[in-house]
Each structure stands twice: as structure tokens, then as C-alpha cells.
Amino acid sequence: MTLADQEPGAGTVGAERDRCVGAGQCVLAAPAVFDQDEEDGLVLVLAERPSASQSDAVRDAVRACPSGALTLR
């Protein structure tokens, strides 16, 4: 597979766990990209570079985060 054959991704996802309040809105919006830690309920990023097909869900998750802990670059 060459670079030309690869699907462009949604970007790079970041999460500031110290800002996370554990609301879980990211998991509801993009469960293939985000999860919550079983011990403290804080965000876990499952896919730092999600596929382009996940881009809308990731953008929704970033917008829905009440603490502003998520980034998409």
C-alpha cells in the first residue's frame, strides 16, 4: 500500500486527563476512539489517529466535552 492508497485520517486526538470530569460524552459520541478508565472514570484515547470515517464522530465528541479536555489537530 502506498501513501496515495491510504485514507487520510481525521487528525490527531489528544486528551488532558487532568481537565477531564468523567462526563462520558466523548464515549457516547465516538466509542471506537474514546473510553473511560474503570478506576477513575477519566477519558482514555483508544485511537490517537482515527480514520477519516470517524472524523464527524470525533469532532462531535470534542464539541460535547464539558471540560474542554479533548483536542483534534
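See the structure above.
Small disclaimer: the values here were computed from a predicted structure and weren't measured. (Residues numbered from 1 in each chain as written. Predicted model: local features only at pLDDT ≥ 70, side-chain atom pairs only at ≥ 80, totals over all residues. Heavy atoms only, no water.)

Turning our attention to empty space enclosed by the protein. Per the stated rule, a full pass over the model turns up one cavity of 30 Å³ or more. In this structure, the largest cavity encloses a volume near 90 Å³. Forming the boundary of the largest cavity are 14 residues, of which Cys 20, Ala 23, Gly 24, Cys 26 and Cys 65 lie nearest the centre. (1 Å grid on protein atoms, 1.4 Å probe; cavity = no way out; pocket = protein on both sides within 12 Å on 5 of 7 lines; lining within 4 Å. Points joined across faces, edges and corners; volume = space filled by probe spheres on them.)

Turning our eyes to something else, we now look at helix H2 (residues 55-64). For H2, the set of buried residues is Ser 55, Val 58 and Ala 61. Each buried residue of H2 lies within a common arc of 125 degrees when the element is viewed along its axis, so the set occupies one face. Its buried side turned inward, H2 meets strand S1 (13-15), helix H1 (25-29), strand S2 (34-36) and strand S4 (70-72). (Buried < 20%, exposed > 50% of the residue type's maximum accessible area, 1.4 Å probe, protein only. Helix = DSSP H or I, 4+ residues; strand = E, 2+ residues; numbered from the N terminus. Arc of directions from axis to C-beta. Contact = heavy atoms within 4.5 Å.)

Let's shift gears to the nonpolar core. In this structure, Cys 26, Val 33, Phe 34, Val 43, Ala 61 and Leu 70 are the most contacted members of the largest nonpolar core, which totals 14 residues. When contributions to this core are tallied by element, the ones reaching two or more residues are H1 and H2. When residues no more than four places from it in sequence are discounted, the contact partners of Cys 26 are Pro 31, Phe 34, Val 43, Ala 61 and Leu 70. (Core = buried A, V, L, I, M, F, W, Y, C linked by side-chain atoms within 4.5 Å.)

This next bit is on the side chain of Ser 67. Position of Ser 67 relative to the elements: it lies in the loop between H2 and S4. Classification of Ser 67 by relative accessible area gives buried; the value is 16%. Here Arg 19 takes part through its backbone oxygen, which lies 3.0 Å from a polar atom of the side chain of Ser 67. Ser 67 has contacts with Arg 19, Cys 20 and Val 21, leaving out every residue within four places of it along the chain. (Polar contact = N/O pair within 3.5 Å; in protein donor to acceptor, adjacent residues only side chain to side chain.)

Attention now moves to the pattern of salt bridges. Scanning the model with the defined rule gives four salt bridges in all. For the salt bridge of Asp 37 with Arg 17, the shortest nitrogen-to-oxygen distance reads 3.9 Å. Residue Asp 37 is found in the loop between S2 and strand S3 (43-45), and its partner Arg 17 is found in the loop between S1 and H1; the two are separated by 20 residues along the sequence. We classify Asp 37 as partly exposed; its relative accessible area is 22%. The salt bridge partner of Asp 60 is Arg 63, with a shortest N-O separation of 2.6 Å. (Salt bridge = Lys/Arg side-chain N within 4 Å of Asp/Glu carboxyl O.)

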